[in-house]
Amino acid sequence: MISPSGKSIRGQLILMTLLLLCIASFITFFLANSYGQRSAQISYDRLLTSAAIQVAESISMKEGRITVDLPWSAFEILSSAPNDRVFYQIKDKTGQKITGYDALPTSKDKRQRANFDAPQHKPDSYFFDASYDGEPVRFLVYKKRLTEANYSGDVSIQIGQTVIAREALANEISWRGIQLVFPFISVGFILVMLGIWQLLKPINKLNRALSSRTGFDLSKIDLPVPTELEPLVQSINHFMGQLENNLNQLQRFTSEAAHQLRTPLAGLKSQAQNAVSEEDEDVRHKQLLRVIESCDMLNHTVTQLLMQATLSHRFQSQQLTQIDLVKMTKTVCKQVVVSALQQEVEIAFEGEKAFAKEQQAHILGDEFALEQMLRNILENAIKYSPAHSVVVVSLAKIDASSTPKIALSVQDKGIGIPDSEKPHVFERFYRSANNPRSGTGLGLAIAKEVVDHHGASLELVDNAPTGLIVNISFELLEP
Amino acid sequence: MIKFLSAFILLMISFTALANKQENALSESASKLILKVKGAADTPEITPLFNAFMNRFPNIIVQYEELGSRELYQEFLAGELADADVITSSAMDLQIKLVNDGHAQAYRSEQTRSLPEWANWRDEIFGFTYEPAVIAYNHDFISRNSSIIAPSLQSRAQMLEFIRQNSHRLKGLIGTFDIGKVGIGYLLWAHDSQQSSSYGRVLESFGIHDVRLYPSSAAMLKALADGEIAIAYNLLGSYAKSWAKTYPQIKFVLPKDYTVAIMRTAFIPKTAPNAKLAKVFLDFLLSQQGQQVLAQQSNLFPINAKVRKDYLNTSFDLSDTGNTRPIALGLKLLVLTDEMKRKIILDEWSQALIKPEKGSPLE
């Protein structure tokens, strides 16, 4: 379960918990140890102190000499460390031994060891550790002040005891401490493990819920998850929603496209049948012309559908490149100007004023798609323009907003689109009920898709006195 | 254990055969091992134990040297006993001092572990006898003087009362150890001085009645048997018991207020040349067999409670009194080895007992 690369959340959590518990254990161990040492030190230092005090009590002057009537009780106290050896020495103020052992070690640095138990009001009494007779020994030097007629000064009592019992007590206390803490650490570990298992359960659940789904099930995930996982579930749900939406659109498009193809085909067939059975040569000629017209129409629809499929594919696969909008607009205008003239409509390009010949307006775009868009819009404008009218194509810079934009507008003098229909004209296969002209209903929809793909904005405005203005504004690239 | 020991000794034989060759003038066989014991016990008393040991381990020869307990201590400190493998003494205080000063080596075995806590200090020194201090008196002397009220000497207080009532008859007829010279005497007396409130009165009474001082239990018992003294105080029960067998006029009691028991102790010096042999000896000493030999042939009360009970039940029940307390081996005994403390105790003693002039009116 614990992956060495640390990719598993569970593994990382367990590793971190273990690390933490290890550190906690070490800290506990050291704390228990030092606590044990300290407690044992205090306890046995007290014993040494009370033994020294008892010895001090037994010091007196007799017949002009310092006499020490060594008390049994002092050694009884020290016997509470049953296996420790004791060394003692009592000296007068000149350092002359009164009684006891001959050469006991002295403290090199007279540092005031262990203030917490130094005999009170005896600033010159101190503990120190030294080695004597091959064993570590804890010594106490304790001063007693004698003020007698013929002696005035300190008597120094030095008592040392080996540290067997001290260390045994220290070890016992530390061991008890560790024993006390160890169950807590173990229980803590188990609880953390349970916690991790409990925490990771929703992730596993989510995983199972997703993997057990069929490919067609795009419904929302409805599982109770922790707050941290909610954004993930929301993203998944959002993504699923989009996917479902796209699928629905595709389905609708397919069925509409099928419908749009089937209807003209049926009409074509009946016209052709009529022509077959028609005996009047003139009528049959007219009927056949209509068949050809219908074929053109169908051809146009199929072309548009293919175009849309091509564009969809391009949008997914092609990167936007830098293109010159001025040049492109002029090219498209030139392409459509002939077919416009056949319908006795002129096309005027007004970009020259704003953009000198050498000046360019660069935008990020897909040239093929943009050409298609502009052609569709122009063809639409030409189709609805009355004879001898002019369709005006213009380019203008807009500096109003912080980012420089360029607006491409196409104005015609046709019948225009009523406001109520404006939102719908970009829908696929939308045909206005009072539109007498033939059309695929795809041209503007494609234009709109291209505009959306380029992040540009498109608006429809009424022209005066009649007609429509299509305004498309692109974000201009910095020169 | 015994298998191990015999195997061990076989090993020792081959191992030490070469080393002992030139040294062993005494023994014919070069394979004999020599264990040197230095002690304060009377040679005749302790010999049966060594004989039993040598019977048990025929390859070992024990060489025993008897010294006074204080002499033993001083010679040991002077380094003159460096060849000793085992040191035994009844002067518990001096033995403890030697152990405290790091002269003993530790030994742990089944036998040492079976000892009571107060008979083992640091696994370095072990008590092997248990001998109560008793009050003995000459029954003949007391019956001859019919005017003397039949004595009831069950406690120190009763003894003092008896002495007080028969004061004029008992002058010069009380004996005890010369504590300045006898280690056990010093030990017992110092212990009395710490333990009992009657100590002062005993000292005073002894001073008034010109107490006689003896250098050993045997000397004191002889004086008692001969009628030189009527009462002997702080005598070792083991000696009293064996003397009472031969001299029926000697009777003894365990004081009912409290009875002190001392131990003879043994330790293996760090310098012991033959420490392994010494350990074998210690185990034997503390074993059932060794303890029985002590009881039956040496008239010493063994430390092993069971052996002691079996042995004493027939004549003298130590456990019945219930007031017998051993002087435990431990740090407290160190006090008695302090030079100044010793001087204080001895000064007090001699000041009370040495009279300024004969026929003092004190009474």
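In this text the structure is predicted, and so the values were computed from the model without any measurement. (Residues numbered from 1 in each chain as written. Chains lettered and ligands numbered in written order. Predicted model: local features only at pLDDT ≥ 70, side-chain atom pairs only at ≥ 80, totals over all residues.)

## Details of the overall build of chain A
Here's step 1: A tally of helices and strands in chain A yields 9 helices and 14 strands.
Here's step 2: Among the 479 residues that make up chain A, the fraction classed as buried is 23%.
Here's step 3: Long-range pairs, those at least 24 residues apart, make up 64% of the contacts in chain A between residues at least 6 apart in sequence. (Helix = DSSP H or I, 4+ residues; strand = E, 2+ residues; numbered from the N terminus. Buried ≥ 20, exposed ≤ 12 C-beta atoms within 10 Å, placed from the backbone. Contact = placed C-beta atoms within 7 Å.)

## Some words on the packing of helix α5 (residues 281-317) of chain A against helix α8 (residues 367-384) of chain A
Residue and element names in this part refer to chain A.
Here's step 1: Remark: α5 packs on α8, axes separated minimally by 10 Å, with the N-to-C direction vectors making an angle of 145°. Like other packed secondary-structure pairs, α5 and α8 cross with a definite hand, here left-handed. Where α5 abuts α8, its residues Met307, Leu311 and Arg314 lie against Phe368, Ala369 and Gln372.
Here's step 2: When the residues that make up the contact of α5 with α8 are grouped by side-chain class, the tally is 4 nonpolar, 1 polar and 1 charged. (Axes fitted to C-alpha atoms, helices over the stretch in contact; angles between N-to-C directions. Left-handed = near helix turned anticlockwise from the far one by under 90°. Nonpolar A, V, L, I, M, F, W, Y, C, P; charged D, E, K, R; others polar.)

## Here's the deal with the confidence of the model for chain B
Residue and element names in this part refer to chain B.
Here's step 1: Looking at chain B, pLDDT values average 84 and 84% of them are 70 or higher.
Here's step 2: Scored below 50 in pLDDT, residues 357-363 makes 4 contacts in the model with residues more than four places away or belonging to other chains.
Here's step 3: Among the prediction metrics, the complex's ipTM stands at 0.82, with pTM recorded as 0.68. (pLDDT = per-residue confidence, 0-100.)

## Focus: the interface of chain B and chain A
Here's step 1: Contacts between chain B and chain A engage 14 residues on the former and 15 residues on the latter.
Here's step 2: If you tally residues by element for the side of chain B that touches chain A, the top one is helix α16 (residues 339-353) of chain B, at 4 residues.
Here's step 3: When grouped by side-chain class, the residues that make up the side of chain B that touches chain A number 5 nonpolar, 4 polar and 5 charged.

## Examining the sheet that holds strand β5 (residues 125-127) of chain B
Residue and element names in this part refer to chain B.
Here's step 1: Read from one edge to the other, the open sheet built from 6 strands follows the order β2-β1-β3-β12-β5-β4, with strand pairing classed as mixed. The sheet is open, and its two edges are formed by β2 (60-66) and β4 (120-121), each paired on a single side.
Here's step 2: Sheet analysis places strand β1 (residues 33-39) next to strand β3 (residues 86-89), joined by 3 bridges and oriented parallel. Each bridged residue has a counterpart across the sheet, and for Val37 the counterpart in β3 is Val86.
Here's step 3: Set on the sheet, helix α2 (residues 43-56) makes contact with β1 and β2; between it and β2 the angle comes to about 170°. (Pairing = 2+ DSSP bridges.)

## As for the nonpolar core
Here's step 1: One finds B:Ile135, B:Ala136, B:Leu235, B:Ala240, B:Ile262 and B:Phe281 to be the most contacted residues of the largest nonpolar core, which totals 140 residues.
Here's step 2: Among all residues touching B:Ala240, those that are not within four sequence positions of it are B:Val134, B:Ala136, B:Leu221, B:Leu235, B:Ile250 and B:Phe252.
Here's step 3: With 37 residues, the next largest nonpolar core counts A:Leu325, A:Ile363, A:Ala369 and A:Leu444 among its residues. (Core = buried A, V, L, I, M, F, W, Y, C linked by C-beta atoms within 7 Å.)

## Remarks on the environment of A:Ala74
Residues and elements named next belong to chain A.
Here's step 1: As for its position among the elements, Ala74 is in helix α2 (residues 72-78).
Here's step 2: With 28 C-beta atoms packed within 10 Å, Ala74 lands in the buried category.
Here's step 3: Placed 26 residues apart in sequence, Ala74 and Leu48 show a C-alpha to C-alpha distance of 8.7 Å.
Here's step 4: Residues within four places of Ala74 in sequence aside, it is in contact with Ala51, Gln54 and Val55.

## What about the pairing of strand β4 (residues 97-100) of chain A?
Here's step 1: Here strand β3 (residues 86-91) of chain A pairs with β4(A) via 3 bridges, running antiparallel. By the bridge assignment, A:Gln89 is partnered in β4(A) with A:Gly100.

## Quick word on the sheet that holds strand β5 (residues 126-132) of chain A
Within a sheet, adjacent strands bond to each other through the backbone by hydrogen bonds, running parallel or antiparallel.
All names here are of chain A.
Here's step 1: Across the sheet, 5 strands lie side by side as β4-β3-β7-β6-β5; this open sheet has antiparallel pairing. The sheet terminates laterally at β4 and β5, the two strands that pair on one side only. Mean inter-strand twist for the sheet, computed between neighbouring axes without regard to direction, equals 25°.
Here's step 2: Strand direction decides the pairing type here: strand β6 (residues 135-147) and strand β7 (residues 152-162), joined by 11 bridges, are antiparallel. Bridge pairing in β7 places Thr147 opposite Ser152.
Here's step 3: Sheet contacts for helix α1 (residues 9-57): β5, β6 and β7; angle to β6, the most-contacted strand, approximately 35°.

## A short note on the packing of α2(B) against helix α14 (residues 288-297) of chain B
Residues and elements named next belong to chain B.
Here's step 1: Axis separation between α2 and α14 bottoms out at 9 Å; the angle between their running directions is 145°. Once α2 is placed against α14, the crossing between them reads as right-handed. Contact residues: Pro48, Leu49 and Ala52 in α2; Gln289, Gly290, Val293, Leu294 and Gln297 in α14.

## Concerning the environment of B:Leu173
Residue and element names in this part refer to chain B.
Here's step 1: Tracing the chain through its elements places Leu173 in the loop between α8 (167-170) and β7 (174-177).
Here's step 2: Using a count of 23 C-beta atoms within 10 Å as the deciding quantity, one classes Leu173 as buried.
Here's step 3: Apart from residues lying up to four places away in sequence, Leu173 is in contact with Ile229, Ala230 and Ile231.

## Structural notes on helix α6 (residues 325-342) of chain A
Residue and element names in this part refer to chain A.
Here's step 1: Compared with an ideal rise of 1.5 Å per residue, which puts 18 residues at 26 Å, α6 spans 26 Å between its outermost C-alpha atoms and is within 8% of the ideal.
Here's step 2: Its maximal kink placed at Val336, α6 deviates by approximately 35°.
Here's step 3: Every buried residue of α6 is accounted for by Leu325, Val326, Thr329, Val332 and Ala340.
Here's step 4: Residue Glu344 follows α6 closely and has a positive phi angle near 60°. (Expected span 1.5 Å × (residues − 1). Bend = angle between axes of the 7 residues up to and from the residue.)

## Some remarks on the environment of A:Pro136
Residues and elements named next belong to chain A.
Here's step 1: Assignment of secondary structure puts Pro136 in strand β6.
Here's step 2: When the C-alpha positions of Pro136 and Thr162 are compared, they lie 6.0 Å apart, and in sequence the two are 26 residues distant.
Here's step 3: The residues touching Pro136, leaving out its near neighbours within four places in the chain, are Asp129, Ser131, Thr162 and Val163.

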